[in-house]
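# Remarks on the overall topology
The residues making up each chain are set out below.
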Amino acid sequence: MSSQLSNTSFKFVALGAGNEVGRSCHILSYKGKTIMLDAGVHPAYQGMASLPFYDDYDLSTVDILLISHFHLDHAASLPYVMQRTNFKGRVFMTHPTKAIYRWLLRDFVRVTSIGENSILDKDDNLYTDEDLVESFDRIETIDFHSTVEANGIKFTAFHAGHVLGAAMFQIEIAGLKVLFTGDYSRELDRHLNSAEVPPLPSDVLIVESTFGTATHEPRLNREKKLTQIIHSTVAKGGRVLMPVFALGRAQELMLILEEYWTQHAEELASNQVPIYYASDLARKCMNVFQTYVNMMNDDIRKKFRDSQTNPFIFKHISYLKNLDEFQDFGPSVMLASPGMLQSGISRDLLEKWCPEEKNLVLITGYSVEGTMAKYIMLEPDTIPSVNNPDLTIPRRCQVEEISFAAHVDFQENLEFIEKINATNIILVHGESNPMGRLKSALLSNFASLKGTPEEVHVYNPRNSVDVVLEYKGVKVAK
Ligand SMILES: [Zn+2]
């Protein structure tokens, strides 16, 4: 047998997010067309080590690159790909993704490369602000639900939930349909449309597996738990640190807290328990949210229409650019970035507040393996100081996790996968164990189809390992 791919082979390879969460990047090729999905970094690594395995692939062969959403693990190596490699394809993303990408990546460049707090040598910079600006002009935007044809490849963006602007892409190459979910959520949330099922069926489904076979508590229970634990912490004089990614899920949490503070104005607002949103990007990004209310769900659009005030203009939440303007007296609630406590404002506050028992660190996002957010949940006795590795800091504060990460849980994922009805399923974006458990659960769910033409195949490839599927039966209109 020749190892060469035949004309009917569909090939998938993960350059990142294969049996891991982080640095998402996948390559599809079929009938001479090549598509790249996402271009992220890995939040547990720095510099070149945080990149997908770009050296394993000839990026000059890529026709189009689609970015699912603005999160750093899906978009932050895009300027590197566009400016520092031989990539010469076209790049597409939705309008809100592009609007937020601009500010987010500027901040990413700043925290990773420039300034006194540089954690990298200058030579190890992935890219500069100039690269970012140049790449920005070459990114094309797409609308939800409209089909674009580029270089002989058709694709359509569908709502993915998760964060503002997040899209799933259904791609059609020579009659073969592939659906890439990116990160997605199916539960109704306060401001986003949940993920939709595309009207046309797909042959191949590339789906996230973040939560494996785990089950989420219903949203209302989680909201109640969240507000109760925050309320009881500030009532006894404690400070609450909520590490958040500057944009996206933070805005959902702000809607919850704003409503709760309004409902409990007597005890909280007039008692001056302040809520802060600390991020260099705060103001700019809130502008983007205020602008794109028309891309959100009916609920929030109705509120906007009825009250004639923007739901993202908050009465009880103040913005902090950095900690210089912060007067740390008495109880407060602080939403601070970055979300995995790697460095920056959230890490500085963690080190300041964790020695005190009455304080609370509340993790609401997904914490990637190898980051401080993941480590702190083990409730260690001490943590290392980020600026002085010889110094350890006692950890006595409470640590709690209540997930608002907006990824599907097992039941939601399974229901969606069944609706898509693809016979080939490729799992990405999950640590090995949850991904392996999801694969087993899917195979047993579809066991009755084994041996029939509808048999479902599930793949969980590692990075740089090819998945090759034969599509002889696909009708091709030339
Ligand atoms: Zn995401």
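You'll find the structure just up there.
Our subject in this report is the structure included herewith.

About the criteria used
Residues numbered from 1 in each chain as written. Predicted model: local features only at pLDDT ≥ 70, side-chain atom pairs only at ≥ 80, totals over all residues. Heavy atoms only, no water. Helix = DSSP H or I, 4+ residues; strand = E, 2+ residues; numbered from the N terminus. Buried < 20%, exposed > 50% of the residue type's maximum accessible area, 1.4 Å probe, protein only. Contact = heavy atoms within 4.5 Å. Areas by Shrake-Rupley, 256 points an atom, 1.4 Å probe, with all protein chains shown as cover. Donors = N, O, S within 2.8 Å, 3.2 Å for Na, K, Ca; no water. Tetrahedral: all angles 85-135°; square planar, octahedral: opposite > 155°, others 65-115°. Pairing = 2+ DSSP bridges. Axes fitted to C-alpha atoms, helices over the stretch in contact; angles between N-to-C directions. Disulfide = S-S within 2.5 Å. Expected span 1.5 Å × (residues − 1). Parallel < 35°, antiparallel > 145°, perpendicular 65-115°, else oblique. Left-handed = near helix turned anticlockwise from the far one by under 90°. Core = buried A, V, L, I, M, F, W, Y, C linked by side-chain atoms within 4.5 Å.

## Some points on the overall build of the protein
On a plain count of helices and strands, the protein comes out with 13 helices and 22 strands. Considering the protein as a whole, with its 478 residues, one finds that 57% of them fall into the buried category. Sequence separation of 24 or more characterises 73% of the internal contacts of the protein that already satisfy a separation of 6 or more. If you sum the accessible surface of the protein, you get close to 20,400 Å²; carbon and sulfur atoms cover 48% of it.

## Description of the coordination of the zinc ion
Any two of four tetrahedral donors ideally make an angle of 109.5 degrees at the metal, while pairs among six octahedral donors ideally make 90 or 180 degrees. At the metal site, the zinc ion is ligated by His69 (NE2), His71 (ND1), His162 (NE2) and Asp183 (OD), and these contacts range over 2.2 to 2.3 Å. Geometry at the zinc ion is irregular, judged from its 4 donor atoms and the angles of 92 to 167° they form at the metal.

## Some points on the sheet that holds strand β20 (residues 424-428)
Two modes of strand pairing occur in sheets, parallel and antiparallel, and in both the strands are linked by backbone hydrogen bonds. The strand order β7-β8-β9-β10-β11-β20-β21 describes an open sheet built from 7 strands, whose pairing is mixed. Edge strands, defined here as strands with exactly one partner in the open sheet, are β7 (147-150) and β21 (457-459). Here the average twist between neighbouring strands, direction ignored, is 20°. Here β7 runs beside strand β8 (residues 153-159); their pairing, made up of 4 bridges, is antiparallel. Across the sheet, the residue bridging to Ala150 is Ile153, located in β8. Strand contacts of helix α12 (residues 410-420): β9 (167-173), β10 (176-180), β11 (204-208) and β20, with the helix running at about 165° to β11, the strand carrying the most contacts. Packing against the sheet, helix α13 (residues 432-445) makes contact with β11, β20 and β21, and its axis sits at approximately 160° to β20.

## Description of the state of the cysteines
Throughout the structure, instances matching the rule amount to 0 disulfides. Summary of cysteine pairing: Cys354 is not part of a disulfide, and the nearest cysteine sulfur, belonging to Cys397, is at 5.4 Å.

## Describing helix α6 (residues 249-263)
Between its first and last C-alpha, α6 extends 22 Å over 15 residues, near the 21 Å set by a 1.5 Å rise per residue. The element α6 is largely enclosed, with a buried count of 12 among its 15 residues. Buried within α6 we find Arg249, Ala250, Gln251, Glu252, Leu253, Met254, Leu255, Ile256, Leu257, Glu258, Tyr260 and Trp261.

## A few points about the packing of α12 against α13
With their axes 12 Å apart at the nearest point, α12 and α13 run at an angle of 50° to one another. Relative to α13, α12 is oriented oblique. Seen from above, α12 lies across α13 with right-handed handedness. For the pair α12 and α13, the contacting residues are Phe410, Asn413, Leu414, Ile417 and Glu418 in the first and Leu438, Ala441, Leu442 and Asn445 in the second.

## Some remarks on the sheet that holds strand β16 (residues 360-363)
In spatial order, the strands read β14-β13-β15-β12-β16-β19; together these 6 strands make up an open sheet with parallel pairing. The sheet terminates laterally at β14 (317-320) and β19 (398-401), the two strands that pair on one side only. The sheet shows a mean angle of 20° between the axes of neighbouring strands, taken without regard to direction. Relative to β19, β16 runs parallel, the two sharing 4 bridges. Pairing of Ile363 across the sheet is with Glu401, part of β19. Across the sheet, helix α10 (residues 344-353) lies against β12 (240-243), β13 (275-278), β15 (333-336) and β16, angled at about 150° from β12, the strand it touches most.

## Focus on the nonpolar core
Core analysis: the largest hydrophobic core is formed by 105 residues, its most contacted members being Met36, Tyr54, Leu78, Ile230, Met242 and Tyr277. Here this core gets 8 residues from one element, more than from any other, and that element is α6. Apart from residues lying up to four places away in sequence, Tyr54 is in contact with Leu15, Cys25, Met36, Ala39, Gly40, Leu59, Ser77, Tyr80 and Val81. Grouped together as the second largest cluster of nonpolar side chains are 31 residues, Ile35, Leu176, Ile426 and Val467 included.

Function cannot be inferred from these measures alone, as they are strictly geometric.
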